[in-house]
Amino acid sequence: MPQHAQNTRVCRDCDGFATAAITTGARHTDGTRATLRVTCPACQGTGTIAPAANLHHIGR
């Protein structure tokens, strides 16, 4: 009997790629590139969105 994978709710802003490494163009003394790690502000780096029960409603 086939097993089905769970549907994970992927973040709409980052499409599941929650962290990106951006090169600055500079190099370290050992020759490696200097990079910055940037996380998605919408999902805080998880790549998924919270279930509707965990979302907070503002206003009416």
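Preceding this section is the structure that the text describes.
Everything in this summary refers to the structure shown in the same document. (Residues numbered from 1 in each chain as written. Predicted model: local features only at pLDDT ≥ 70, side-chain atom pairs only at ≥ 80, totals over all residues. Heavy atoms only, no water.)

## Some words on the overall build of the protein chain
1) Next: In terms of regular secondary structure, the protein chain is built from zero helices and two strands.
2) Next: Counting only carbon and sulfur atoms, one obtains 53% of the accessible surface of the protein chain, whose full area is about 5,700 Å². (Helix = DSSP H or I, 4+ residues; strand = E, 2+ residues; numbered from the N terminus. Areas by Shrake-Rupley, 256 points an atom, 1.4 Å probe, with all protein chains shown as cover.)

## Digging into the nonpolar core
1) Next: With five residues, the main nonpolar core is built from Cys-11, Cys-14, Ala-18, Cys-40 and Cys-43.
2) Next: Every residue in contact with Cys-11, bar those within four places of it in the chain, is listed here: Gly-16, Cys-40, Ala-42, Cys-43, Gly-47, Thr-48 and Ile-49. (Core = buried A, V, L, I, M, F, W, Y, C linked by side-chain atoms within 4.5 Å. Buried < 20%, exposed > 50% of the residue type's maximum accessible area, 1.4 Å probe, protein only. Contact = heavy atoms within 4.5 Å.)

## Observations concerning a nonpolar patch on the surface
1) Next: A surface patch of nonpolar side chains, amounting to about 250 Å² of accessible area, comprises Ile-22, Leu-36 and Val-38.
2) Next: Here Leu-36 shows up in strand β2 (residues 33–39). (Patch = residues over 30% accessible without salt bridge, like charges linked within 9 Å, V, L, I, M, F, W, Y side chains within 5 Å. Salt bridge = Lys/Arg side-chain N within 4 Å of Asp/Glu carboxyl O.)

## Concerning the pairing of β2
1) Next: Relative to β2, strand β1 (residues 19–27) runs antiparallel, the two sharing six bridges. Paired with Ile-22 across the two strands is Leu-36, which belongs to β2.
2) Next: Count of turn residues in the β1/β2 antiparallel hairpin: five residues, of which Gly-31 carries a positive phi of about 100°. (Pairing = 2+ DSSP bridges.)

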